Amino acid sequence: MALVYHQHEVVIVGAGGAGLMAALALRGRDVAVLSKLHPVRSHTGAAQGGIGAALGNMEEDHWEWHMFDTVKGSDYLADQDAVEILAREAVETVMDLEHWGLPFSRTPEGKIAQRKFGGHTKEYGKEAVRRSCYAADRTGHMILQTCYQQGIRHQVKYYNEYMVVELLVESGRTAGVVAVSIADGQLHVFHAKAVLFATGGFGRMYEVTSNAHALTGDGVAVAWQAGVPIEDMEFFQFHPTGIYRLGILITEGARGEGGKLLNGKGERFMERYAPSMLDLAPRDIISRCIYRELREGRGIHGQGYVHLDLTHLGAKVIHEKLPDITDFVRTYLGIDPVKEPIPVQPTAHYAMGGIPTDMWGRVVVDEKNKILPGFYAAGECACVSVHGANRLGTNSLVDILVFGRRAGRDIARYVGENEYPPLAPHAGEATGERLARLREGRNGSGGRAESVADLRETLQREMMEKASVFRTSGLLAQMSEKLFELRQRFQNVVIQDRSTVFNTDLMEALELGFLLDVAEATVAAALARSESRGAHFREDFPQRDDQNWLKHSLAYRGADGKIEFKYKPVTITRFEPKERKY
Amino acid sequence: MHIRLRVKRFEAGKDREPYWSEYGLEVEATDRVLDALHRVKWHQDGTLTFRRSCAHGVCGSDAMLINGRNRLACKVLIRDVGDHIAVEPLRGYPVIRDLVVDQSAFFRKYESVQPYLVADGEPPARERRQSPAERERFDDTTKCILCMACTTSCPVFWPNPEYVGPAAIVNAHRFLFDSRDTEKEGRLARLNAGDGVWRCRTIFNCVEACPREINITRAIGEVKKALLLQKG
């Protein structure tokens, strides 16, 4: 099949909050937004509880306090110059969203309403503060809709259901991407001056996750395959309250409104672990506490879950402020949260790591922050790093909007100053051949034919057991061997669907390849980091070790397939690392 | 439990007519229909084709006809539909393959109602004020996830594909009743056109189909009323 060529000054991959924000910042320019979904299906729409910004609408608040909380929440691994930008620009970004029509919930005097959220405090840790700006419990849905609507208004050009499979780099400059049009299987080469990846996370490498099926780490893996390192992959956040077994998210806003976590003995167990912040301690801490309770036999009826109790909040608060999660709990568990507590367990939620960038979304490729010209990343697939070892609730929405927009602004500058880089004459052809082999069942080296679903299920189950909340060198080493085996078996994957029309069988095979990449990086980085920090907890090294590990990891895929690491220092400006207590 | 899952199949450019495939499989009563579709796709028939993403009813990818009703496959449990399940693509738009339909005409209708806030003048430094009561006025229609379940359940839409349809009206309502919006006239004029809101015969299929429980017929009624008041 012949390739189809396109030329756009800018190609944005991913149409969630980060991609759309960048597209809006670039309005008037020649921009193409590619998404493997329709934009309104993006996972930004699943965010519930709110976006953090020190508006001070309910009580005194300052961006410096937000900055401090984010740094402390990150277990001091976040780069503080970047966190300062996050906390400062959060305020104007929320105002912009309001001006674009975002239907925030309101205070009696008509201001944007705010509520408490995990780890957000006043006066540098004194007590919980109301900082999360919300639209009931569908804030992400409203952000996605609002940004998409503004995109319609400003005539953003979309290529919907295009799956990006290769990043083109020519003599040290970004030259475009290769993508498959899912509807007809056609391979397209997009020649561009600048490419932004805003492809989201990869929670689907775990069995129990809040993440959509689409979140398979495509952008991170594609960048890694192009030789870009990936940063801080050992830090993956488990959200404390996923619906038992299903992993569907129950917003931290439920605890922000006063919800409590209870164990099998009916105890509010967070009193023992975080006496000051209780159920609003950061997510890494609460997820570990839940697992401790479960291990020590204090699950509900000895099972693998605890209760999130909202029954004391009353029907009015639950129906007005938490309507969507009420609907989820009713639909999937047949439980009315007004009357009964909700069975919850930690669920794989958010990748702190990803494609390393500077504060303008420019991708950097070494420990000295050398830029790869024309390549940008923003949102969950990127690592600025504003979340360090553990992200605070509400900060992902701030991150996608603030850094999506900054990337867009810098891309506008970049494409104004630069010509199109040359495109190699056979760009995309090798990828086309690889995809055709896979689609036509000509894959493999003659071994036993493997199924995508079997390999993926094994990956997800094993990652959950060996590389999730509690980690040891023994378990991680076993996982590393398992990944080696899965990688070998992946070479022999044979799919059933031979069609070129909307071939989701082929998509899933490609996505499994991406998941294997990000899982390998995660496990290797976790094995290397012999300390505990934020979401990365090593039972064999339970303390934080600033002496040796106050640094970011950069994972490189060597030519022989082995993973090698470099490390870069953390930027510390205002807040010296301290012990982290809540 | 054992279920029998029948799926209406079709591939554009290959099949002349749609046909049914039937699968037998074991599921839990509390599984979603989407779980059953996945189990078939992953372990029996990799060619079975459908869209899905979030799997908990917020992204709007997997609306389909399930036992004759438009539902999200991820939001309906096996126990609610029984052990004989028939799944078909949404009606009224061209089928690309199996349960995947071409959405482009649907989104063109959505775009035609100017689904974005238009507010005169420079915005203030802080938020525009809006009281909780003003915010409540359009709360219901902010829930729409554009899953297409309502429009493709509408008997007026089926023979009249030019009808703007309930989903677009819901999204017009969301802005028409937003106290901050100043572009009422253009939107109302668009909905007053021949293919606009007057085509609605208050059949209520859309209300039953909506997985977000939006009272769509009421929203349409409010738009009609706004048009009448404007004329008067």
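Refer to the structure printed above.
Keep in mind the model is a prediction, meaning the values are calculated, not measured. (Residues numbered from 1 in each chain as written. Chains lettered and ligands numbered in written order. Predicted model: local features only at pLDDT ≥ 70, side-chain atom pairs only at ≥ 80, totals over all residues. Heavy atoms only, no water.)

Q: Please clarify how the sheet that holds strand β4 (residues 114–122) of chain A should be interpreted in this entry.
A: Hydrogen bonds between backbone atoms are what pair the strands of a sheet, whose relative direction is either parallel or antiparallel. All names here are of chain A. Strand order across the open sheet formed by three strands is β3-β5-β4, with antiparallel pairing between neighbours. Edge positions in the sheet fall to β3 (51–52) and β4, since each has one partner strand and no second. As paired strands, β3 and strand β5 (residues 127–133) are joined by two bridges and run antiparallel to one another. The residue bridging Ile-51 from the neighbouring strand is Cys-133, located in β5. (Pairing = 2+ DSSP bridges. Helix = DSSP H or I, 4+ residues; strand = E, 2+ residues; numbered from the N terminus.)

Q: Which parts of the structure should I look at to understand the packing of helix α5 (residues 165–176) of chain B against helix α6 (residues 184–192) of chain B?
A: The axes of two packed helices give the description: the angle between them and the distance between them. Residues and elements named next belong to chain B. Two elements in contact, α5 and α6, have axes separated by 10 Å at closest approach and are oriented at 155°. In terms of their interaxial angle, α5 and α6 are classed as roughly antiparallel. Every pair of crossing elements has a handedness; the one defined by α5 and α6 is left-handed. Contacts from Ile-169, Ala-172, Phe-175 and Leu-176 in α5 reach Lys-184, Arg-187, Leu-188 and Leu-191 in α6. Among the residues forming the contact of α5 with α6, the class breakdown is six nonpolar, no polar and two charged. (Axes fitted to C-alpha atoms, helices over the stretch in contact; angles between N-to-C directions. Parallel < 35°, antiparallel > 145°, perpendicular 65-115°, else oblique. Left-handed = near helix turned anticlockwise from the far one by under 90°. Contact = heavy atoms within 4.5 Å. Nonpolar A, V, L, I, M, F, W, Y, C, P; charged D, E, K, R; others polar.)

Q: How should I be thinking about the sheet that holds strand β4 (residues 69–72) of chain B in this particular structure?
A: All names here are of chain B. If you walk across this open sheet you meet the five strands as β2-β1-β5-β3-β4, and the pairing is mixed. Looking at strand neighbours, the two that pair on one side only are β2 (19–26) and β4, the edges of this open sheet. Adjacent strand axes in the sheet meet at a mean angle of 35° when their direction is disregarded. By the bridge criterion, two bridges tie strand β3 (residues 63–66) to strand β5 (residues 84–88) in an arrangement that is antiparallel. Across the sheet, the residue bridging to Ile-66 is Val-87, located in β5.

Q: Just to check I follow, could you spell out the environment of Tyr556(A) for this structure?
A: Residues and elements named next belong to chain A. Looking at the secondary structure, you find Tyr-556 in strand β21 (residues 551–557). Owing to a relative accessible area of 15%, Tyr-556 belongs among the buried residues under this scheme. Placed 139 residues apart in sequence, Tyr-556 and Glu-417 show a C-alpha to C-alpha distance of 30 Å. The residues touching Tyr-556, leaving out its near neighbours within four places in the chain, are Trp-224, Pro-229, Val-365, Asp-366, Glu-367, Lys-562, Ile-563, Glu-564 and Lys-566. Only 2.7 Å separates the side chain of Tyr-556 from the backbone oxygen of Val-365, close enough to count as a polar contact. (Buried < 20%, exposed > 50% of the residue type's maximum accessible area, 1.4 Å probe, protein only. Polar contact = N/O pair within 3.5 Å; in protein donor to acceptor, adjacent residues only side chain to side chain.)

Q: Before we go on, may I ask you to explain the interface of chain B and chain A in this structure?
A: Counting residues at the interface gives 66 residues for chain B and 61 residues for chain A. Together chain B and chain A conceal approximately 5,200 Å² of surface at their shared face, both sides included; 48% is due to carbon and sulfur atoms. When the shortest N-O distance is used, the salt bridge between Lys75(B) and Asp327(A) registers 2.5 Å. Our count for the contact surface shared by chain B and chain A stands at 38 residue pairs in polar contact (both at pLDDT 80 or more). (Buried area = accessible area lost by both parts, 1.4 Å probe. Salt bridge = Lys/Arg side-chain N within 4 Å of Asp/Glu carboxyl O.)

Q: Is there a simple way to explain unusual backbone geometry in this structure?
A: Phi is mostly negative for residues that are not glycine, and the peptide bonds are mostly trans. Cis rather than trans, the peptide bond between Val384(A) and Ser385(A) has omega equal to 10°. Positive phi is not limited to glycine here, since Asn369(A) has a value of about 60°. Here Asn369(A) lies in the loop between β16 (362–364) and β17 (371–377). Here Asn67(B), not a glycine, exhibits a phi torsion of approximately 45°, which is positive. Mapping Asn67(B) onto the fold places it in the loop between β3 and β4. For Asn67(B), a relative accessible area of 34% corresponds to the partly exposed category.

Purely spatial values, then, with no claim about function.
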